[in-house]
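# Inside the fold
Chain residues, written in single-letter form:
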Amino acid sequence: MSVLVVGSIALDTVKTPAAEHTDLLGGSASYAAVSASFFAPVKLVGVVGDDFPRAHLDFLTHRKIDLSGLQQVEGKTFRWSGEYMVDMNTRETRSVELNVFEHFTPTLNASHNATPIVLLANIAPSLQSHVLDQMNRPQFTVADTMDLWINIARGDLEALLKRVDMLILNDGEARLFTGENNLIKAGHKIRSMGPHYVAIKKGEHGCLLFGENEFFSCPAFPLETIHDPTGAGDTFAGGLAGHLAANVTGAVTFADLRHAVVYGSVLASFNVEAFSLERLRSLQPAEITARYEAFRALSQFEGNK
Ligand code: AMP
């Protein structure tokens, strides 16, 4: 099965305590699509300007990502800039330039609207809903979001939640959205707003997966050095959606999602090892398998009571 990924494609400027890089390939959909492409065929829907480097398009094509839904229009590509504090967890957005994104409407073509797995990566919830308006009954839909939309488009986000199977958000966003400090309560509250499944990411502390009477707490793969956390969440979502597409034949179950969450975490752990998508660029399938096995071994409890 294939995955449709819709979201932002950006040129990012990222500053960490160790380094600063400008005009890097970024955006929620870039990370998510490349991550998903390690597991399943991917179709990307988004927009870039006429300044978008050919090399980035070549990289996406090299990953066998279908770019027939990528609009390239006159103007500048969406730009985002962020700075990480010394803990590499706290981030400040320094600037956002919408550019061609301002007038973007995701438009699906005939090859897109029957895609079984849909990942609505982070963009305005009204645009995420517009994608669903054009879809022909996808098998499983996952949406990501961010604090910005919770603050300025809460109504649109609530409407979207009634139409998706799963919402992914981070701990701060879950608290902001629900007003609940306790993440278990927050997860249940978001489920009651529509999505059958909710994943709350906790950065270096892993993630919580909620289903109906089912719960899974996934640790994070322990890393000593993090070079750039940008896009970890998008990479997680892409890996999860790609893994579902590759491994699920019937209705998606909680057990399928448990497995997919672990693979999403594995992909995210690679992504933070370098700036932009550089680590995913060099990543080999055998490395994913090896890290999955290492992750599994260190997460197991002893068998005896
Ligand atoms: P994350 O680290 O998961 O929050 O994702 C970072 C990526 O999100 C960067 O590559 C940005 O280009 C992209 N991004 C930042 N702000 C927005 C926004 N308002 N809409 C869509 N994508 C964004």
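In case you missed it, the structure is sitting above this.
Residues numbered from 1 in each chain as written. Predicted model: local features only at pLDDT ≥ 70, side-chain atom pairs only at ≥ 80, totals over all residues. Heavy atoms only, no water.

### Digging into the nonpolar core
Heads up, the condition is: Side-chain atoms within 4.5 Å are what join buried Ala, Val, Leu, Ile, Met, Phe, Trp, Tyr and Cys residues into a set we call a nonpolar core. In this scheme, a residue with accessible area under 20% of its type's maximum is buried, one over 50% is exposed, and one in between is partly exposed, where area comes from a 1.4 Å probe on protein chains only. Secondary structure counts use DSSP, requiring at least four H or I residues in a row for a helix and at least two E residues in a row for a strand, with both numbered from the N terminus. Between two residues, a contact is recorded if the distance between any of their heavy atoms is within 4.5 Å.
Core analysis: the largest hydrophobic core is formed by 59 residues, its most contacted members being Val5, Phe140, Met166, Leu240, Leu244 and Leu257. Top element by residues in this core is helix H9 (residues 254–271). It accounts for 10 residues. Not counting residues within four places of it along the chain, the set of residues in contact with Leu240 comprises Val142, Met166, Ile168, Leu257, Ala260, Val261 and Gly264. Among the nonpolar cores identified, the runner-up in size contains 42 residues, and Phe104, Val131, Leu157 and Phe210 belong to it.

### Comments concerning the state of the cysteines
What is meant by a disulfide is a covalent connection between two cysteines, made through their sulfur atoms. Here is the rule: The criterion for a disulfide is a pair of cysteine sulfur atoms lying within 2.5 Å.
Under the counting rule described, the total for this entry stands at zero disulfides. In this structure Cys207 is a free cysteine whose sulfur lies 5.4 Å from that of Cys218, the closest cysteine sulfur available.

### Points about the site of the ligand
Short version of the rule: Each residue is tested against the molecule or strand, and it is near if at least one of its non-hydrogen atoms lies within 4 Å. Polar contact is defined as a pair of N or O atoms within 3.5 Å, subject to the rule that within protein one atom must be able to donate a hydrogen and the other to accept it, and that residues adjacent in sequence are counted only when both atoms are side-chain atoms. Each accessible area is a Shrake-Rupley result for a 1.4 Å probe, and residues are judged covered by the shown protein chains and nothing else. In this count, Pro and Cys sit with the nonpolar residues alongside Ala, Val, Leu, Ile, Met, Phe, Trp and Tyr, while Asp, Glu, Lys and Arg are called charged and the others, Gly among them, polar.
Lining the immediate surroundings of the ligand are 17 residues, of which Ser8, Asp12, Gly27, Arg91 and Gly231 lie closest. Within the side chain of Ser8, one N or O atom sits 2.7 Å away from a nitrogen atom of the ligand. Contacts to the ligand include Arg91, whose side-chain N or O atom sits 2.8 Å from an oxygen atom. The protein chains hide 89% of the 510 Å² of surface that the ligand would expose on its own. Breaking the shell around the ligand down by element, the ones donating at least two residues are strand E2 (10–15), helix H4 (147–152) and helix H8 (232–247). Tallied by class, the residues present in the shell around the ligand amount to seven nonpolar, seven polar and three charged.

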